[in-house]
Amino acid sequence: MFNEITITDGTAFKVAAAVYGGAFLFALVVLLMRRAYSRTIMFALLCGGFLIQTLALNLRGAEIKACPLGNPFEIAQFLAWSLVLLFFIIGPAFRLRLLGGFTAGLATILSAGSFIIPSWDRAYPPGIFGGNHWIELHAALAIFSYGFFAILSLVSIMFLIQQHGLKTKQFKGIYRYLPSLQQLDLMAKRLLLTGVIVLTASLAFGAVFWVSNFELVPVYKLTATCLIWLGYLTVLILRIQEKLATRRHAIATIALFALAIASLWAVESARESVEPPAQGAPIQTER
Amino acid sequence: MSEVLESLFVLGTSHHATPLEVRERFALTQSQALELQKLLHQHEGIRECLVLNTCNRLEIYGLADCIERVEEIRGLFCDKQNVSEELFNQYAYSHSNLETLQHVLEVSAGLDSQMVGETEILGQLKQAYAAAHDTECTGKVLNRLFEKSFQAAKEARTQTGISRGQVSIGNVVVDLASRIFGKLNGSRVLLLGSGEVSEKTAQALKSRGVGDITVSSRTFENAHKLAHSLGGAAIHFEDFNAQLEHFDIIICSTAAPITLLHKEVIALTMKQRPERPCFLIDLAMPRDVDSAVEEVENVYLYNLDDLSSIANENLEARKAEIEKVREILNKHAWNLWLQLRRRELMRKA
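Residues numbered from 1 in each chain as written. Chains lettered and ligands numbered in written order. Predicted model: local features only at pLDDT ≥ 70, side-chain atom pairs only at ≥ 80, totals over all residues. Heavy atoms only, no water.

**Comments concerning helix H6 (residues 98-108) of chain B**
Residues and elements named next belong to chain B. Counting buried positions over the 11 residues of H6 gives 9, a clear majority of the element. Of the positions making up H6, those classed as buried are Leu-98, Thr-100, Leu-101, His-103, Val-104, Leu-105, Glu-106, Val-107 and Ser-108. In the stretch just after H6, Gly-110 is the one whose phi turns positive, near 85°. (Buried < 20%, exposed > 50% of the residue type's maximum accessible area, 1.4 Å probe, protein only. Helix = DSSP H or I, 4+ residues; strand = E, 2+ residues; numbered from the N terminus.)

**Concerning the packing of aromatic side chains**
On inspection of all chains with the given rule, the structure shows 20 aromatic pairs over all chains. Both rings, one in A:Phe144 and one in A:Phe148, keep their centres 5.6 Å apart while their planes meet at 85°; by these two values the pair is edge-to-face. Linking A:Phe144 with A:Phe148, this pair stays in helix H5 (residues 133-167), spanning 4 residues, or about one helical turn. Summarising the aromatic geometry, the rings of B:Phe279 and B:Tyr302 are spaced 5.9 Å apart at their centres and angled 85° between planes, so their arrangement reads as edge-to-face. (Phe/Tyr/Trp six-rings, centres within 6.5 Å; stacked < 30°, edge-to-face > 60°.)

**Some words on the interface of chain B and chain A**
Each partner contributes residues to the interface: chain B has 26 residues there, and chain A has 25 residues. Between the two partners, chain B and chain A, sit 5 salt bridges. Note that A:Arg239 is salt-bridged to B:Glu275, the shortest N-O span being 2.8 Å. Applying the counting rule to chain B against chain A returns 19 residue pairs in polar contact (both at pLDDT 80 or more). Sorting the residues of the side of chain B that touches chain A by element identifies helix H9 (169-181), strand S10 (299-303) and helix H13 (304-319) of chain B as the ones contributing at least two each. The biggest single contributor to the side of chain B that touches chain A is H9(B), with 5 residues. Among the residues forming the side of chain B that touches chain A, the class breakdown is 11 nonpolar, 6 polar and 9 charged. (Contact = heavy atoms within 4.5 Å. Salt bridge = Lys/Arg side-chain N within 4 Å of Asp/Glu carboxyl O. Polar contact = N/O pair within 3.5 Å; in protein donor to acceptor, adjacent residues only side chain to side chain. Nonpolar A, V, L, I, M, F, W, Y, C, P; charged D, E, K, R; others polar.)

**Focus on the domain arrangement of chain A**
Residues and elements named next belong to chain A. By the assigned domains, chain A splits into domain 1 (1-118) and domain 2 (129-274). The gap between the C-alpha centroids of domain 1 and domain 2 is 19 Å. At the interface, 28 residues of domain 1 touch 32 residues of domain 2. Each partner contributes to the roughly 2700 Å² buried at the junction of domain 1 and domain 2, and carbon and sulfur atoms together form 81% of this total. Here domain 1 and domain 2 share 0 salt bridges between them. (Domains from an automatic or database assignment. Buried area = accessible area lost by both parts, 1.4 Å probe.)

**With respect to the side chain of B:Glu275**
For B:Glu275, the location among the structural elements is in the loop between helix H12 (263-271) and strand S9 (278-282). Polar side-chain contacts of B:Glu275 include one of 3.4 Å to the side chain of A:Lys189. A distance of 2.8 Å separates polar atoms of two side chains, one belonging to B:Glu275 and the other to A:Arg239. In contact with B:Glu275, other than residues within four places in its own chain, are A:Gln182, A:Asp185, A:Lys189, A:Arg239, A:Glu242, A:Ala245, A:Thr246 and B:Asn298.

**Focus on the sheet that holds strand S1 (residues 8-14) of chain B**
Residues and elements named next belong to chain B. With respect to topology, 4 strands assemble into an open sheet ordered S2-S3-S1-S4, the strand pairing being antiparallel. Two strands bound the open sheet, and with one partner strand each, they are strand S2 (46-53) and strand S4 (93-96). With strand direction ignored, the average angle separating the axes of adjacent strands in the sheet is 15°. One ladder, built from 7 bridges, connects S2 with strand S3 (residues 57-64); its direction is antiparallel. (Pairing = 2+ DSSP bridges. Axes fitted to C-alpha atoms, helices over the stretch in contact; angles between N-to-C directions.)

**Topic: the sheet that holds strand S8 (residues 249-252) of chain B**
Residue and element names in this part refer to chain B. With parallel pairing, the 6 strands of this open sheet are ordered in space as S7-S6-S5-S8-S9-S10. Both outer strands of the open sheet, strand S7 (233-236) and S10, are each paired with one neighbouring strand and no more. Between one strand axis and the next, the sheet turns through 20° on average, direction left out of account. Relative to S8, strand S5 (residues 188-192) runs parallel, the two sharing 4 bridges. Looking across to S8, one finds that Val-189 is bridged to Ile-249. Helix-sheet contacts for helix H11 (residues 220-230) involve S5, strand S6 (212-217) and S7, and the interaxial angle to S6 is about 160°. Against the sheet, H13 makes contact with S9 and S10, and its axis sits at roughly 75° relative to S10, the strand it touches most.

**Observations regarding unusual backbone geometry**
Residues and elements named next belong to chain B. The omega torsion across Met-285 and Pro-286 is 0°, close enough to zero to call that bond cis. Residue position: Pro-286 is located in the loop between S9 and S10. In this structure, Asn-97 takes a positive phi of about 50° despite not being glycine. We classify Asn-97 as buried; its relative accessible area is 15%. Its identity as a non-glycine residue notwithstanding, Glu-136 has a phi of 60°, on the positive side. Inspection of the secondary structure assignment puts Glu-136 in the loop between helix H7 (120-134) and helix H8 (140-159).

Printed below as a string of structure tokens:
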């Protein structure tokens with residue numbers, strides 16, 4: 001089916017990033033004019049970007065015959081895709097004002113930012129998951145949980161902005177259109193819980209492989225993943241115990257997401273330096 | 001030239017030029033206003049009429065067979081209200097034809113209101129129009145005029161910032177509370193003191209869904225009376241400190257010469273409700289709440305100056321939009337005027 005499509009995955013990724021960028025610019029310009037943007041337009045733009053990005057991921061997946069999560073570029077693209085997908089689920093259900101604009105902003109950073117360093121889209125041997133579907137499911141779920149944490153960090157940023165506005169008695173511009181503190185706080189709690197559940201499930205699926213092939217799993221990757229999982233789990237437990245609430249909770253989730261992204265990059269860079277493609281192995285063509 | 005349209009008029013008094021004590025003398029009850037409307041409609045030469053009666057204005061809109069009928073209406077109103085014509089003439093204004101159109105458009109858009117851009121007047125105008133329409137006091141011209149004015153008001157509000165931001169203390173508080181809690185129906189309110197501003201603020205909160213209001217005042221009878229009028233409960237003044245943790249919004253307006261709520265008390269309260277924010281509104285002079293309370297996490301403290309400055313800034317922002325609104329309304333007034341003239345000419349032809 002994808003052979004009939006003349007567009008390349010790289011072009012589709014670029015177009016999707018441009019559409020997300022357009023959605024973010026639209027939100028920014030309307031907000032600078034001190035007005036609320038049209039949710040319909042925002043939804044349509046994000047929908048457009050999402051569909052093009054889905055096509056791009058499918059083209060890439062068809063090429064490597066696996067879920068495209070083999071290098072930092074693909075991870076960033078998949079993360080942006082998960083983020084927008086989650087927005088489609090959360091946005092209409094909870095009607096959080098401005099979440100679309102913030103989602104468009106982060107999706108632009110992730111999808112357009114991944115083009116900045118060309119080496120991120122490095123070639124790798126096909127069948128990176130060794131044909132093991134558990135590992136493929138583990139990787140997809142892990143990145144999907146990062147999608148939850150990405151949207152959680154956006155909600156936390158919105159919370160901090162709204163709180164800053166209320167504390168410093170500002171009421172114009174963006175402050176007027178942000179959702180209420182309670183709404184944002186409740187949403188953050190739900191997203192954290194769901195994200196931790198998905199990440200735990202991802203680790204459980206991964207463990208099926210690790211237990212029997214422990215020597216094949218890089219220690220730095222296992223350590224980083226477990227540390228991130230432990231970090232989110234700790235925040236969740238503290239939140240349930242009401243020991244970490246509101247502002248500190250928001251800061252913790254933003255910091256953890258930054259750490260999670262940094263760890264992904266570190267893990268991928270380490271893998272690249274430690275595991276060069278085997279000589280003679282079929283290598284994916286340069287993009 | 002159409003004679004009919006030449007005698008489209010508005011006669012009235014409003015808060016702009018008429019002091020409250022004089023407006024009280026002109027004021028009508030709703031039934032008196034309907035009675036006057038009926039009387040005017042039965043008056044010889046009055047083809048269509050509508051009486052707009054609010055606390056800030058009394059206006060009679062009409063279409064007569066000649067403009068001189070306005071003088072007869074002045075006399076009729078003064079006789080009915082038992083006020084001297086000199087007094088009425090001193091404060092009354094009248095407009096005719098295109099000016100009438102421009103006036104009704106400005107009234108419906110809230111440009112002529114005491115609080116520029118307020119939307120209550122549009123509802124009052126719609127009610128007055130519905131009553132006049134039901135009793136067949138309005139006809140083709142006034143029907144078109146009022147329906148167009150509602151459209152123009154909506155357009156002005158959506159295309160400009162004339163109704164943006166709240167301009168009364170009560171509504172500013174409601175706005176801020178909504179930014180903290182979202183929907184207010186689950187919020188619990190404590191009124192400390194029974195001052196007029198705090199009562200109005202509580203009423204504004206109640207109108208937005210707050211169902212749980214508690215009043216505490218040094219004089220328990222006063223607290224009980226206010227609580228009864230707000231549909232809430234009263235607690236003894238000595239007990240409020242122990243119950244602070246249960247309240248989301250605390251409105252203080254006591255005459256106490258000392259600070260009632262200190263940082264330590266509020267910090268302790270917030271430990272018992274770490275996930276629920278607390279909105280403190282200090283309307284008292286001297287202040288009831290220590291300003292250091294602001295430093296407590298998840299506590300939002302606003303005093304009278306903060307609220308007034310928000311209201312004033314919003315009002316200034318609305319005033320800055322007046323010219324834009326006038327431009328939109330003038331366009332509508334001209335179009336409507338030409339439409340009415342054209343229709344009149346065609347009818348004659």
